[in-house]
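Summary of structural features
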Amino acid sequence: FLTDLLFNSPQLRFSQAQQKAMLTWAQELGASVPNYNQYRQVHVSICEQVRNPPQRQTTGDGNVWYLNDIGDAIAKDVANPISREGMMFYPEDLGSQRHQVWHGDKMVSDVPDDLLTANVRSQDGVMYYVNELVKCTGGSFFLLKRWVMSGGEMFAIGHSVDNAVGGFIIKDETLTRLPVSSFVENYLSVVEKNGGFVIFVSSLVCSQSYAKQMPNPLHEIAGDRLVYSVPIIVFIDDVSGNKSKQWNKHFSCYMSNSALPHEKLDQEFHVRFVATSPNTSPLEIMQGVRKAMEKAFNEPIASWDCKLKEEVLLRPFGLFFAGDNPMHAELSSSAGLNSNYFCRTCKVGGTRKHKQSDIGFSQILAEGAPQNSSKTAEHVFQQLMTALEPNVATTLNDAISGSGIKDTFAQPIIEHLVKLGQQLRKGSGDGSALSPGNVLTNLTEELKKIHMSSGGAVMNPLLHMPGVDIHKDTPTEILHTILLGIVKYYWAQTVWHLEKERKMVLFQTHLGSVATAGLNIPNIQAKYICHYKGGLIGKHFKTLAQVMSFLIFDLVPRNVLQAWLVIGRLMVLAW
């Protein structure tokens, strides 16, 4: 076991030749170690016992890639004392304060109720499930919908219930918050004390719809075990597969357990590798990630909770998707900067003529109407339907440019249908071309065939992922957007002013003598920054943005100084 642990250390990989050499060397020294064949047998046995995570995946084009088990990764987090400490599985409402992922508006109010943690155990050991009726102190009743922490106490958000003569009436017009400490009986106890059944007013459709959800199906699966929902941050980007400078493009995907505090999320130890492939597109990887996540959610993963010393069930769900701006555009089915509507989050933009006008340019700097995943899916579906028609190459290009929507998952299918349609309409040159009706029938059947062979996926799998609005859930990547974007170009403009006025040497003196106490930044290398002013990286710009206002107040025009003051305020908000 110890030999297997050494040879599979994440930060110290051994080749087969190195493994054999080390085992032979140890045996020659008289150490009690297995030979290589014995070691391999133990390795296979260990992988079977702890679940060997890689799972074979195949894309619609036949490309093979491997996906690490997401449920297995979070199960090990909960069982590991290092990662389990500080984990939080319930949203926490701190008002206007935001310190952790679970303090955000999405976790507190936007994530659908059925994705969040399903149950809570009260201090007296009673288990309460969402979507169930409970009895409160004073004899009133309450319908549970979701849990939220506030002020160090667990609360339930749900609907008040009237106990009328004809049965219970659920008042779902408003949401109410009650402390769990005010509950005295869970649903099973209420049913038992009411003769084995609970009656809801039959004439009210809403009450009957809630009644059909009781008891919560997780009762049968979990019993007295806690069922934690674990929000997952998914990251994907293109990287090189070579150690040399020659670019060998691979798409690599990672995940983080966002039930962890952000202090731990920043540590490499808590980043889990999911997949990498040189041939599979990002959205094809996302399709595999979504399927794995939904499978683990619908079939909760059993894990040992090392903090509570008991077995729990885990259900992962996607919270948001990290990456750089081009990757976010692809994940959002955005056509990018060359389209009329170029933003992945809002509908800012218009025709080129409009954007070049005074009104159009000013509107680019204002927030547009938010993008909507359902509307995006409708546009992609319309492009798929258009591909069935004749002579549509120009029409499709105009649709992409005009709407700003280009789905890289659906695009190969669209191109295949267009090309196949051209071949069918052209025929073999002997007059065997098909009629328009027959061509449409054949193309429709081909689309259905693709739909069936790909497991029902013909467009971006993130557009309809439960709990995800991909246009909102791709948070802005601040390194490239702010440091290597805004700050970099304002730095270049400021350097131009300083060199024009021959004040660069004076600026270097200011930079080298500025007090940095309290800034929590490394020592400022003034000579290096000023000498290599055109080749700086993110950490340099992060330092400059915090101190520039104090260095150039008497060296540059007033409007340049004002710009740096605004950048300083932006840095405070971003970091």
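Please refer to the structure higher up on the page.
Below is a short write-up of the structure. In this text, all values refer to a predicted model and were calculated from it rather than measured experimentally.

Attention shifts here to unusual backbone geometry. Trans is the common state for peptide bonds, and a negative phi is the common state for residues other than glycine. The residue Lys 309 is not glycine, and still its phi comes out positive at about 60°. Structurally, Lys 309 can be placed in the loop between strand S13 (301–305) and strand S14 (310–322).

All right, on to the sheet that holds strand S12 (residues 271–277) then. The sheet built from 5 strands is open, its strands ordered S12-S11-S10-S14-S13 with mixed pairing. Since the sheet does not close on itself, it has two edges, and those belong to S12 and S13, each with one partner. Neighbour to neighbour, the strand axes of the sheet diverge by 40° on average, direction disregarded. Across 9 bridges, strand S10 (residues 227–240) lies against strand S11 (residues 249–257) in antiparallel orientation. In the sheet register, Val 239 faces S11, and the bridge partner there is His 250. Packed onto the sheet, helix H4 (residues 70–79) meets S10, S11, S12, S13 and S14 and runs at close to 15° relative to S13. In the packing of helix H11 (residues 282–298) onto the sheet, contacts are made with S10, S11, S12, S13 and S14, and the angle to S14 comes to roughly 155°.

Attention now moves to the packing of aromatic side chains. Inspection of every chain in the model, using the stated rule, returns 10 aromatic pairs. Ring centres of Phe 89 and Tyr 228 lie 4.0 Å apart, and the angle between their planes is 5°; this geometry places the pair in the stacked category. Taken together, the residues Phe 89 in the loop between helix H5 (81–84) and helix H6 (105–110) and Tyr 228 in strand S10 connect sequence positions 139 residues apart. Tyr 228 carries the same exposure label as Phe 89, and that label is buried. Through successive ring pairs, a cluster of aromatic residues spans Phe 7, Phe 14, Tyr 36 and Tyr 39. The side chain of Lys 20 reaches across the aromatic face of Tyr 36, ending 5.1 Å from its centre. One Lys or Arg, Arg 272, reaches over the ring of Phe 269 and ends 5.8 Å from the middle of that ring.

Tracing the backbone through its elements, the reader meets Glu 92 in the loop between H5 and H6. Here Glu 92 sits buried without a salt bridge, and the closest side chain of opposite charge, Arg 177, lies 10 Å off (N-O distance). Within the local environment of Glu 92, its side chain forms a polar contact with the side chain of His 103, the two groups lying 3.1 Å apart. The residues touching Glu 92, leaving out its near neighbours within four places in the chain, are Trp 102, His 103, Val 108, Val 148 and Met 149.

Bringing the packing of helix H19 (residues 478–500) against helix H22 (residues 538–551) into the picture now. Working note: a packed helix pair is described by the angle between its axes plus the distance between those axes. Packing of H19 against H22 brings their axes to within 9 Å, and their N-to-C directions diverge by 60°. The hand of the H19/H22 crossing is left-handed. Contact residues: H19 offers Leu 479, Leu 483, Leu 484, Val 487, Lys 488, Trp 491 and Thr 494, while H22 offers Gly 538, Phe 541, Lys 542, Leu 544, Ala 545 and Met 548. A per-class count over the contact of H19 with H22 returns 9 nonpolar, 2 polar and 2 charged.

A few words now on the pattern of salt bridges. A side chain of one charge can pair with a side chain of the opposite charge when the charged atoms of the two come close. As enumerated under the stated definition, the model contains 15 salt bridges in all. The closest approach of N and O atoms between Lys 295 and Glu 299, which form a salt bridge, is 3.5 Å. For Glu 299, a relative accessible area of 49% gives the class partly exposed. Measuring nitrogen to oxygen at the nearest pair gives 3.9 Å for the salt bridge that ties Lys 448 to Glu 445. Of this pair, Lys 448 and Glu 445 both sit in helix H18 (residues 436–453), separated by 3 residues, roughly a single helical turn.

Structurally, Thr 386 is set in helix H15 (residues 373–386). Note on Thr 386: relative accessible area 11%, which makes it buried. Not counting residues within four places of it along the chain, the set of residues in contact with Thr 386 comprises Val 392, Thr 395 and Leu 396.

What follows concerns the pairing of strand S2 (residues 64–67). Residues in a regular strand project their side chains so that they alternate between the two faces of the sheet. Of the two faces of S2, the one lined by Trp 65 and Leu 67 is fully buried and the one lined by Val 64 and Tyr 66 carries no buried residue. Sheet topology note: the strand S1 (residues 55–58)/S2 ladder contains 4 bridges and is antiparallel. Following the sheet pairing, Gln 55 is matched in S2 by Leu 67. With antiparallel pairing between neighbouring strands as the criterion, S1 and S2 make up a hairpin whose turn holds 5 residues, including Gly 62 at a positive phi of roughly 90°.

Our next topic: the environment of Gly 104. The residue Gly 104 is located in the loop between H5 and H6 in this model. Distance from Gly 104 to Glu 92, taken between C-alpha atoms, is 8.2 Å for residues 12 residues apart in sequence.

Here the focus is the sheet that holds strand S7 (residues 153–164). Picture the strands of a sheet paired through backbone hydrogen bonds; they go either parallel or antiparallel. Strand order across the open sheet formed by 5 strands is S8-S7-S6-S5-S9, with antiparallel pairing between neighbours. Looking at the sheet topology across the chains shown, the edges are occupied by strand S8 (167–179) and strand S9 (183–185). Across the sheet, the axes of successive neighbouring strands diverge by a mean angle of 45°, strand direction being ignored. Inspection of the sheet shows strand S6 (residues 141–150) paired to S7 by 9 bridges, in the antiparallel sense. Within S7, the residue paired with Ser 150 across the bridge is Glu 153.

Among the nonpolar cores identified, the biggest contains 94 residues, and Tyr 90, Trp 147, Phe 183, Met 286 and Val 289 are the most heavily contacted of them. By residue number, the principal contributor to this core is H11, which donates 8 residues. Setting aside its immediate chain neighbours within four residues, Tyr 90 contacts Trp 102, Thr 117, Asn 119, Val 120, Trp 147, Met 149, Met 154, Leu 226 and Tyr 228. Core analysis: the second largest hydrophobic core is formed by 30 residues, Leu 536, Val 547, Val 560 and Leu 561 among them.

On to H4, then. Taking burial as the measure, the 10 residues of H4 include 8 buried ones, the bulk of the element. For H4, every residue scored as buried is listed here: Ile 70, Gly 71, Asp 72, Ala 73, Ile 74, Ala 75, Asp 77 and Val 78. One side-chain oxygen of the residue at the start of H4 lies 2.9 Å from the amide nitrogen of Gly 71, identifying that residue as Asp 69.

What counts, and at which threshold
Residues numbered from 1 in each chain as written. Predicted model: local features only at pLDDT ≥ 70, side-chain atom pairs only at ≥ 80, totals over all residues. Heavy atoms only, no water. Helix = DSSP H or I, 4+ residues; strand = E, 2+ residues; numbered from the N terminus. Pairing = 2+ DSSP bridges. Axes fitted to C-alpha atoms, helices over the stretch in contact; angles between N-to-C directions. Contact = heavy atoms within 4.5 Å. Phe/Tyr/Trp six-rings, centres within 6.5 Å; stacked < 30°, edge-to-face > 60°. Buried < 20%, exposed > 50% of the residue type's maximum accessible area, 1.4 Å probe, protein only. Lys NZ or Arg CZ within 6 Å of the ring centre and 35° of its normal. Lys, Arg positive; Asp, Glu negative; His and termini not counted. Salt bridge = Lys/Arg side-chain N within 4 Å of Asp/Glu carboxyl O. Polar contact = N/O pair within 3.5 Å; in protein donor to acceptor, adjacent residues only side chain to side chain. Left-handed = near helix turned anticlockwise from the far one by under 90°. Nonpolar A, V, L, I, M, F, W, Y, C, P; charged D, E, K, R; others polar. Core = buried A, V, L, I, M, F, W, Y, C linked by side-chain atoms within 4.5 Å.

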